[in-house]
Structures are given as C-alpha cells and as structure tokens.
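Here is what each chain is made of, one letter per residue.
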Amino acid sequence: MGLDFGAKTVGVAISDPLLITAQGIEIIRRERENKLRQTLARIEELIEEYEVGEIVLGLPKNMNDTLGERAELSLAFQEKLERRTGLPVTMWDERLTTVAAERAMIEAGLRREERVGQVDKIAACLILQGYLDSRK
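Just so it is clear, the structure is predicted and the values come from calculations on it, not from any experiment.

**What to know about the sheet that holds strand E4 (residues 55-59)**
A sheet is described by the order of its strands in space; here 5 strands give the open sequence E3-E2-E1-E4-E5, paired in mixed fashion. Since the sheet does not close on itself, it has two edges, and those belong to strand E3 (22-29) and strand E5 (89-93), each with one partner. Strand-to-strand twist of the sheet, defined as the mean angle between neighbouring strand axes without regard to direction, takes the value 25 degrees. The sheet contact formed by strand E1 (residues 2-5) and strand E2 (residues 9-15) spans 4 bridges and is antiparallel. Bridging across to E2, glycine 2 finds its partner in alanine 13. The strands that helix H2 (residues 69-85) touches are E1, E4 and E5; relative to E4, the one it contacts most, it runs at about 165 degrees.

Next up, the structure:
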C-alpha cells in the first residue's frame, strides 16, 4: 500500500498481487490535520480488504534533501501506522510526485475541477510505483 500523507487528505494506492503496478484507489479526507483516528481506522479497513503486507509512505523532503515540518509530521504518522497496524512502513522520497501527478492529469486533458480531487491518489500511486520499480 502506498500513502501520500497530506494536511487534510491521504491518497491511497495498492499494488497488484505480483507487486508490479500501483493503482490509486481512494483519497481519505479529514476536517482537521491532527484528527487521525478515522483516517487510521480507514487505512486498517483497506489493509484488511486488500491483504496488505507493507506500507510505503511518502516522505516530503525539501529540494536540498533536508527534512522540514511536513516531513516531521510524516515521520510521526509513520510511527502511528506501525504501532496501529503492526506492519512495516517504508519511507519513500516523494519530491515532485504532486507536480508529476498534476502534469499527468493535464496531459490527460482533465479540467482543473477534476484534477483537484485526484492529485493525492495519483501521487500515492507514483510513490508506490517508484518503490516497486526500485525492488526490481
């Protein structure tokens, strides 16, 4: 499972059983950034539904390879995920995945209104696909 953890959303992607391709499946939304109980509960439901054995979580590094506030929040979320699910959570450099997701949707001809609701799911897909490709 690949996750793109944002301030108010979490994009979710799942790989095929052979661990070759990633598909975006959902965007989990929450009203406030620090309200994670329902988000974690939904992730647990998806883990069970898709028989997930590992989680890949995007790490939003700065362009100079340092960790900023958003990365620190992602690392804290990693700890919560590991504690709550018992699964290993691999951090994956997600620099420019949102930009790449946005570009892919523009090239596909999606209007701005259509893109807004999909970017996190596609970013999660790019995070997971990058991880899967690195394992080959």
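**Focus on H2**
Across its 17 residues, H2 extends 24 Å between first and last C-alpha, which sits within 8% of the 24 Å expected from 1.5 Å per residue. When H2 is considered as a whole, its buried residues turn out to be Ala71, Ser74, Phe77, Gln78 and Leu81. Looking down the long axis of H2, one finds its buried residues gathered within 115 degrees of arc, a one-sided arrangement. Exposed positions of H2 whose direction lies more than 90 degrees from the buried face are Glu69 and Arg83.

**A closer look at the pattern of salt bridges**
The final tally for this structure, using the stated rule, is 5 salt bridges. Here arginine 84 ties to glutamate 44 by a salt bridge, and the two come within 3.0 Å at their closest N and O atoms. With arginine 84 in helix H2 and glutamate 44 in helix H1 (residues 37-50), this pair connects stretches of sequence that are 40 residues apart. For arginine 84, a relative accessible area of 35% gives the class partly exposed.

**Thoughts on the environment of serine 15**
Mapped onto the secondary structure, serine 15 falls in strand E2. What makes serine 15 buried here is its relative accessible area of 18%. In this structure serine 15 touches Thr21, Ala22, Gln23, Leu128 and Leu132, once residues within four positions along its chain are discounted.

**Focus on the side chain of aspartate 4**
Note on placement: aspartate 4 falls in strand E1. No salt bridge is formed by the buried aspartate 4, whose closest oppositely charged neighbour, arginine 70, lies at an N-O distance of 8.0 Å. When neighbours within four sequence positions are excluded, aspartate 4 is seen to be in contact with Thr9, Val10, Gly11, Glu94, Asp120, Ala123, Ala124 and Ile127.

**Some points on the layout of surface pockets**
Roughly 270 Å³ of volume is contained in the largest pocket. At the level of secondary structure, the elements contributing two or more residues to the lining of the largest pocket comprise E2 and helix H5 (119-134). For the lining of the largest pocket, the leading source of residues is H5, giving 3 residues. Residue classes in the lining of the largest pocket are distributed as 10 nonpolar, 2 polar and 4 charged. There is about 190 Å³ of room inside the second largest pocket. Lining the second largest pocket we find Ile28, Arg29, Arg30, Glu31, Lys35, Leu36, Arg37, Gln38 and Thr39. Elements represented by at least two residues in the lining of the second largest pocket include exactly E3 and H1. Take the lining of the second largest pocket: its biggest share by element is 3 residues, from H1. Residues belonging to the lining of the second largest pocket are distributed by class as follows: 2 nonpolar, 2 polar and 5 charged.

Reading the values: the criteria
Residues numbered from 1 in each chain as written. Predicted model: local features only at pLDDT ≥ 70, side-chain atom pairs only at ≥ 80, totals over all residues. Heavy atoms only, no water. Pairing = 2+ DSSP bridges. Helix = DSSP H or I, 4+ residues; strand = E, 2+ residues; numbered from the N terminus. Axes fitted to C-alpha atoms, helices over the stretch in contact; angles between N-to-C directions. Contact = heavy atoms within 4.5 Å. Expected span 1.5 Å × (residues − 1). Buried < 20%, exposed > 50% of the residue type's maximum accessible area, 1.4 Å probe, protein only. Arc of directions from axis to C-beta. Salt bridge = Lys/Arg side-chain N within 4 Å of Asp/Glu carboxyl O. Lys, Arg positive; Asp, Glu negative; His and termini not counted. 1 Å grid on protein atoms, 1.4 Å probe; cavity = no way out; pocket = protein on both sides within 12 Å on 5 of 7 lines; lining within 4 Å. Points joined across faces, edges and corners; volume = space filled by probe spheres on them. Nonpolar A, V, L, I, M, F, W, Y, C, P; charged D, E, K, R; others polar.

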